[in-house]
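Working through the structure, step by step
Below, each chain spelled out in residue letters.
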Amino acid sequence: MRVAIDAMGGDLGPRATVQGAARALLSQPRLSACLFGPRPLLAAEIAALPADLKVVAERLTLCDAPRVIDQAMKPSQALREAHDSSMAMMLDDVASGHADAGVSAGNTGALMALARRVLGTVASIPRPAISTAVPTREGGRCYLLDLGANVEASAARLVDFALMGEVMARRVDGLAAPRVALLNIGVEGTKGSASVREADALLRDMSGLDYRGFIEGDGIYSGRVDVVVCDGFVGNAVLKASEGLARMLMERVQATFDAHWSSRLVGLLARPALRRLKRELDPVRYNGASLLGLNGIVVKSHGGADAAGFGYAVGRAMQEVDQALPQHLARELDQWRCANASVACGRGVSGADPRRMDADNPQR
């Protein structure tokens, strides 16, 4: 298996991405990677790999890409000017079939725009959705989408998100019948925006989908459902707030134990349990958001991810390659629409208004 990596994206520079890629290769003997970026810079990072990671250096290929897309670049500018960038060349490698998947920690808007142009979408999906897994009670996880690609989402788009999330949970996690819910401000049918209420009606009419209706924000982590659907504005806010809360809780717990000599003693006794809790809640373990709906596999790593976090994102891409996720999405979304033709055709589930597309606003 070969993964193409935009080594220049991310807040921590190429050291985090190169070491993260090497970590993934160390844990996966069948994996090789091509690193896209300025060759001299990447060669220096490979030479500086820790001793335990140098053993995989021969499976890291350098692919010279002289330009870097920074976080401030608009998607429209990236589409016009960034053909020789590390991000664009990484996506070209995926589109050509030389790589099985691509991973980037770079500019999300540019990545979405370039990936959509280079790879296209499956099953008439007008725009991909960003999805990731979040931890739930008893060690489970729940897929949340969209996380920012579509700030405003019509009922038709929310239905698309629900179907894509269902396929993801079933194929990647092996769930026989993933439970799907719409995120709302209440469970009553009269609450929520018009698009959410319309999507609820559409999903209730779809056969073969284990749709559980509305769920509130506190239910995302409860383990009651496997897929939670919302527009990108809400999803991004929920995800960032959750990450911040997890970090704050761990810091507060540590500060409480460090406050007094007696509590420090208790903290020493509780250290193994605290380590387990930190591992379970650490957002790094869940790094790697899928761009669902593309005709190819692209995973977006958090911009601030360290080497360990980036390695998890590469692992996420491998899972999707093993399950041939885009092929399943293409086939199964078409099957959903055929099986529910009266819903899709009668209520307009099949697409979005192209007038709402804006190259400088990937969320619309």
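Quick caveat, the model's predicted, so the values are computed rather than measured. (Residues numbered from 1 in each chain as written. Predicted model: local features only at pLDDT ≥ 70, side-chain atom pairs only at ≥ 80, totals over all residues. Heavy atoms only, no water.)

1. Some thoughts on the environment of Pro29
Condition: Secondary structure elements follow DSSP: runs of H or I no shorter than four residues count as helices, runs of E no shorter than two count as strands, and numbering proceeds from the N terminus. Think of it in three bands: residues with accessible area under 20% of the maximum for their type are buried, residues over 50% are exposed, and the middle band is partly exposed, with areas taken using a 1.4 Å probe on protein chains only.
Tracing the backbone shows Pro29 in the loop between helix H1 (14-27) and strand S2 (32-37). Taking relative accessible area as the criterion, Pro29 reaches 67% and is therefore assigned exposed. On a C-alpha basis, the gap between Pro29 and Arg59 in space is 9.4 Å, while along the polypeptide they are 30 residues apart.

2. Remarks on helix H8 (residues 194-204)
Selection rule: Starting at the helix axis, one direction is taken to each C-beta atom, and the arc is that of these directions.
Listed in full, the buried residues belonging to H8 are Val196, Ala199, Asp200, Leu202 and Leu203. One face of H8 carries all of its buried residues, which in axial projection span an arc of 165 degrees. Opposite the buried face of H8, at more than 90 degrees from it, the exposed residues are Ala194 and Arg204.

3. Topic: the nonpolar core
Going by this rule: The nonpolar core is taken to be a set of buried Ala, Val, Leu, Ile, Met, Phe, Trp, Tyr and Cys residues, with the residues joined through side-chain atoms within 4.5 Å. A domain assignment, automatic or from a database, supplies the domain bounds used here. Whether two residues touch is decided by their heavy atoms; if any such pair falls within 4.5 Å, the residues are in contact.
Membership of the largest hydrophobic core comes to 39 residues, with the highest contact counts inside it found for Ile69, Leu91, Val228 and Leu291. Elements that contribute at least two residues to this core include exactly S2, helix H5 (86-95), helix H6 (108-119), strand S5 (129-135), strand S6 (141-145), strand S7 (179-183) and strand S10 (289-292). For this core, the leading source of residues is H6, giving six residues. The two domains that each donate at least three residues to this core are domain 1 (1-128 + 293-315) and domain 2 (134-285). Discounting chain neighbours no more than four positions away, the residues touching Ile69 are Ala78, Ala82, Ser85, Met87, Asn107, Ala110 and Leu114.

4. Some words on the state of the cysteines
A disulfide bridge is the covalent bond that connects two cysteines by way of their sulfur atoms. What counts is decided by this rule: Working definition: a disulfide is two cysteine sulfur atoms within 2.5 Å of each other.
Evaluation of the coordinates by the stated rule reveals one disulfide. Each disulfide pairs two cysteine sulfurs, and for Cys34 the partner residue is Cys63, the sulfurs being separated by 1.8 Å. Taken together, the positions of Cys34 in strand S2 and Cys63 in strand S3 (residues 60-64) put the pair 29 residues apart, joining distant regions of the chain. What makes Cys34 buried here is its relative accessible area of 0%. The exposure class assigned to Cys63 is buried, which follows from its relative accessible area of 15%. Cys230 takes part in no disulfide bond, and the closest cysteine sulfur, belonging to Cys142, lies 10.0 Å away. Owing to a relative accessible area of 4%, Cys230 belongs among the buried residues under this scheme.

5. So, empty space enclosed by the protein
Worth spelling out the cut-off: In the cavity and pocket records, a cavity denotes points on a 1 Å grid over the protein atoms alone where a 1.4 Å probe fits but cannot get out, a pocket denotes an open set with protein on both sides within 12 Å along at least 5 of 7 lines, and lining residues are residues with an atom within 4 Å of a point. Grid points are joined across faces, edges and corners, and a volume is the space filled by probe spheres set on the points. Polarity classes work like this: nonpolar for Ala, Val, Leu, Ile, Met, Phe, Trp, Tyr, Cys and Pro, charged for Asp, Glu, Lys and Arg, and polar for all others, with Gly in that last group.
Evaluation of the coordinates by the stated rule reveals two cavities of 30 Å³ or more. Considering only enclosed or pocket space, the largest cavity measures out at about 60 Å³ in volume. Forming the walls of the largest cavity are Ser290, Leu291, Leu292, Gly293, Leu294, Gly296, Ile297, Val298, Glu320, Leu325, Pro326 and Leu329. Approximately 30 Å³ is the volume attributed to the second largest cavity. Around the second largest cavity, the lining residues are Gly9, Gly10, Asp11, Leu12, Gly13, Ala16, Thr17, Ala105, Gly303, Ala305 and Phe310. Among the residues forming the lining of the second largest cavity, the class breakdown is five nonpolar, five polar and one charged.

6. Looking at the sheet that holds strand S1 (residues 2-6)
Counted only if it meets this: Note on pairing: DSSP must find at least two bridges between two strands before they are called paired. All axes here are fitted lines through C-alpha atoms, helices being fitted over the stretch that makes contact, and every angle between N-to-C directions spans 0 to 180 degrees.
As summarised here, the arrangement of the 11 strands in space is S3-S2-S1-S4-S11-S10-S5-S6-S9-S7-S8, forming an open sheet in which the pairing is mixed. Of all the strands in the sheet, the pair left with one neighbour each is S3 and strand S8 (210-215). For this sheet the average axis-to-axis angle between neighbouring strands, irrespective of direction, equals 25 degrees. Bridge count for strand S4 (residues 101-104) against strand S11 (residues 298-300) is three bridges, and the pairing is parallel.

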